Amino acid sequence: MTKLVPTLAAGLLLVLPLTGAARGQDYPQQTIRIVVSFGPGGGADIIGRILAESMQNKLGKPVIIENKPGAGGIIGNDVVAKAAPDGYTLGIMTAGQIIAAVARKNMPYDTLTAFAPVTQVATASLMIVTRPDFPASSVKELVAAAKADPGKIVFASPGFAATQHFAGEMFKQIAGVNLLHVPFKTSPEAINAVLGKHADVLFDTVSALIGHVQSGQLKALAVTGKDRFPAVPNVPAAVESGVLPGYDVTTWYGVFAPRGTPSAVIAKLNKVLNDSLKEEDVKARMVAVGVVVKASTADEFGQFMASEYRRWDKVREAAGIAQQ
């Protein structure tokens, strides 16, 4: 599947000629559904609902959320991939869904060609934390400790092939260290493993960890993006350590449609969503969820998803993780 990666951006941007009621000036004429590939209450679900409310106000038609959780987002993506390309079925794409695709051998759809990107909507850093009594208090000290005791330091994540897992694998590869990965089913389970000293280090979202860091239960070593994150401005970026050149991992969210959705509909959706992202209320609600608003053109989002696929597939291969 990797050999097809260069075709991703082109496949993502492939759209069909305009016909009938699908023309941009006539759109929408009915309810729009946004498929969220995860359960209610998670980041993708909350962001989807924030966007749906604003879209509904702007378009004058109902915009509803439909949760289709399972298989790391693959079940929900499959619903969108097989939907009519008329602009009435959209999906929320995340970094985790791209990683799930590179980690799986037999996909029900072709990740490289099945979708038409609409826009990126948000990005968020992860955070690297440990217990207060863990001897390392910085990324540089963690790398030194890992080199001194290869394979003994355990890093937890909320799931095999989750963004958090691959963030740790990339950390290992760039730093040249051997950490032992132990996956858990959820973020709370992974956090409890660190608190209970069953694991030493955890890679997870800022929103999942910030309460524990602020209470002193966990010690923040760094955020994983190339820049410091607004919610935790005193926590350094991992690249500031000097031992992780080029390390930059963020989770992100975007809106996509089935391949073949008319270009005029994509353009209208892109404008509506980008206008929504400029609203102070929308931005404030996004920040409250622990993300930063980030808009884009459809083309930029397609190129970004293509680059993410290539990057995480390389991380998978370098880590020796076989496609399941």
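Going by the structure above, here's the rest.
Keep in mind that this is a model prediction, so the values were computed, not measured. (Residues numbered from 1 in each chain as written. Predicted model: local features only at pLDDT ≥ 70, side-chain atom pairs only at ≥ 80, totals over all residues. Heavy atoms only, no water.)

## A look at the layout of surface pockets
Looking at the largest pocket, its volume works out to about 910 Å³. Lining the largest pocket we find 39 residues, and of these Phe38, Pro158, Gln164, Ser187 and Thr205 sit closest to its centre. Ranked by the residues each element gives to the lining of the largest pocket, the list is headed by helix H2 (residues 43-59), at four residues. A per-class count over the lining of the largest pocket returns 18 nonpolar, 19 polar and two charged. If you add up the space inside the second largest pocket, you get close to 260 Å³. (1 Å grid on protein atoms, 1.4 Å probe; cavity = no way out; pocket = protein on both sides within 12 Å on 5 of 7 lines; lining within 4 Å. Points joined across faces, edges and corners; volume = space filled by probe spheres on them. Helix = DSSP H or I, 4+ residues; strand = E, 2+ residues; numbered from the N terminus. Nonpolar A, V, L, I, M, F, W, Y, C, P; charged D, E, K, R; others polar.)

## Some points on the side chain of threonine 251
Within the secondary structure, threonine 251 sits in strand S9 (residues 250-258). The exposure class of threonine 251 is buried, given its relative accessible area of 9%. Dropping the residues within four chain positions of it, threonine 251 is found in contact with Ala95, Thr123, Ala124 and Leu126. (Buried < 20%, exposed > 50% of the residue type's maximum accessible area, 1.4 Å probe, protein only. Contact = heavy atoms within 4.5 Å.)

## A closer look at the pairing of strand S4 (residues 115-130)
Of all 16 residues that make up S4, 16 are buried, and the element is covered over most of its length. Pairing between S4 and S9: nine bridges, direction antiparallel. Paired with serine 125 across the bridge in S9 is threonine 250. As paired strands, S4 and strand S10 (residues 292-293) are joined by two bridges and run antiparallel to one another. Counterpart to threonine 123 in the pairing with S10 is valine 292. Of the strand pairs in this sheet, S4 and strand S7 (residues 201-205) are connected by five bridges, and their pairing is antiparallel. The residue bridging threonine 130 from the neighbouring strand is valine 201, located in S7. (Pairing = 2+ DSSP bridges.)

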